Every structure is written in C-alpha cells, then in structure tokens.
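Next come the chains, spelled out residue by residue.
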Amino acid sequence: MPAGIWVKGTNLLLVKGDITRERVDAIVNAANSGLMGGGGVDGAIHRAGGGALKEECGAIVSRIGRLQAGQAVITTGGNLPAVYVIHTVGPVWHGGNNRETEILASCYLESLRLATAHSLKSISFPAISTGIYGYPQKLAAGIAITTVNEFLYHEQTTLKSIVFVLFDSYSYEIYGQEMERIINQDKT
C-alpha cells in the first residue's frame, strides 16, 4: 500500500492523523450547508479555527445563502496552522441513487479548483461524507482518489502536494488500497 505517489509533478499522500494540525496552505472542511460547524471534522475545524473562522463563514452565508452539496468556498484558517479552509458540503448517502457520486466528486473538484485559483501549493482533505453522512468508505475513497487523479491529469494546477488525512487505521487502509488500485489501473 503506497503512502504517497507522484502524479504529474504533484505528490499525492496518505497520512493518518488530525486534519486540524496540518501545516498546509489549505485544509478542506467537510462542512454542513450553514457553514457553522457541527460534529466530526466540521466541529473540530471550527473549534480549532476560532471566532474569526466562524465570523467569516457567517458572512459568506449572509451573502450567498446556504452552500449546496458539491459546492465549495474558501475562508482564512483562523487559529489553525493552515492558512485557509476550503469548506465543501458532501452528499448524504441514500443508497447511491441520488447523484451521490457526482456530488462527492464535485466536492473534491471544486476544492482543487479553488486552491488553484488562489495559487496554493498544498491542500489536505478529510474523508468527505464518510462520517455522519454515511457514505461507504471504499466507495468514497475510490471517488476521492479518482477525482484528484483525473484533475491532476487534465487541469493545470499550482498544487505540489495533496494529502488525504485519515483519522483512523481502517480509513487509512481503505484509502491506501484504493490509491494502489486506481494508480495501477492507470498504468495498464
């Protein structure tokens, strides 16, 4: 199982850890549509980010309304070691028949596009939608890695490092297996 690979000049990595401690240009928040924090990764990022992050999220919602699933917006990192937070709303799993795959792929793609538009060099992703939103880990990992891989092959980017930060050993193992499968598939 690879811990990291190079794809068109960008290092694609897997780490087991806490995304709120990542020292990257941006971390991605698996947000809710109101951008006000909640449980899981979203709550942890808001707690660590502090008041500035909450204020900026509130201003965004006041200006554009609630964020739709698959969309992404960027804020400062507040008290986080990351300079920015890219907030994206993942799909709730309803068995796979409600555009969940398309929406989850959009979360990754829109986050990568925002990072590139802001000339960022590094970004860290959690396992979007796999917590309380119920997306099956293996399916979510395949979508995440495939979307990032295709983005790197088909779009220009400033990103030099893309990190999947997995909270536990089980998630790390699943993402590693999917990375290996997808990268080996590309070689054939």
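Everything here concerns the structure above.
Presented here is an overview of the structure given in this document. (Residues numbered from 1 in each chain as written. Predicted model: local features only at pLDDT ≥ 70, side-chain atom pairs only at ≥ 80, totals over all residues. Heavy atoms only, no water.)

So, the layout of surface pockets
Point 1. Roughly 610 Å³ of internal volume is contained in the largest pocket.
Point 2. Examining the composition of the lining of the largest pocket, we find that five residues originate from one element, helix α1 (residues 40–49), more than from any other.
Point 3. Within the lining of the largest pocket, the residues separate by chemical class into 14 nonpolar, 13 polar and three charged. (1 Å grid on protein atoms, 1.4 Å probe; cavity = no way out; pocket = protein on both sides within 12 Å on 5 of 7 lines; lining within 4 Å. Points joined across faces, edges and corners; volume = space filled by probe spheres on them. Helix = DSSP H or I, 4+ residues; strand = E, 2+ residues; numbered from the N terminus. Nonpolar A, V, L, I, M, F, W, Y, C, P; charged D, E, K, R; others polar.)

Examining the side chain of T88
Point 1. With respect to the helices, strands and loops of the structure, T88 is situated in strand β5 (residues 84–89).
Point 2. A relative accessible area of 0% means that T88 is categorised as buried.
Point 3. Of note is the side chain of T88, whose polar atom sits 2.8 Å from the backbone oxygen of Q71.
Point 4. Those residues within four positions of T88 in sequence are excluded, and the remaining contacts are V28, N29, A30, A31, L67, G70, Q71, A72, C107, S111 and I128. (Buried < 20%, exposed > 50% of the residue type's maximum accessible area, 1.4 Å probe, protein only. Polar contact = N/O pair within 3.5 Å; in protein donor to acceptor, adjacent residues only side chain to side chain. Contact = heavy atoms within 4.5 Å.)

Overview of the packing of α1 against helix α2 (residues 51–64)
Point 1. At a minimum axis separation of 6 Å, α1 and α2 run at an interaxial angle of 115°. Listed contacts from α2 to I45, H46 and G49 of α1 are G51, L53, K54 and C57.
Point 2. Taken together, the residues of the contact of α1 with α2 break down into three nonpolar, three polar and one charged. (Axes fitted to C-alpha atoms, helices over the stretch in contact; angles between N-to-C directions.)

Topic: the packing of helix α3 (residues 100–117) against helix α4 (residues 137–154)
Point 1. Their axes nearest at 9 Å, the elements α3 and α4 cross at an angle of 40°. If you check the angle between α3 and α4, you find them oblique. Crossing handedness for the pair α3 and α4: right-handed. Contact residues: T101, L104, A105, Y108, L109, L112, R113 and T116 in α3; A140, I143, A144, T147, V148 and F151 in α4.
Point 2. Here the residues of the contact of α3 with α4 sort into 10 nonpolar, three polar and one charged. (Parallel < 35°, antiparallel > 145°, perpendicular 65-115°, else oblique. Left-handed = near helix turned anticlockwise from the far one by under 90°.)

A word on the pattern of salt bridges
Point 1. Taken as a whole and assessed by the stated rule, the structure comprises six salt bridges.
Point 2. D18 is paired through a salt bridge with R21; the nearest N and O atoms lie 3.6 Å apart.
Point 3. Through salt bridges with shared partners, one network takes in E110, R113 and E155. (Salt bridge = Lys/Arg side-chain N within 4 Å of Asp/Glu carboxyl O.)

Read these as geometric descriptors, not functional statements.
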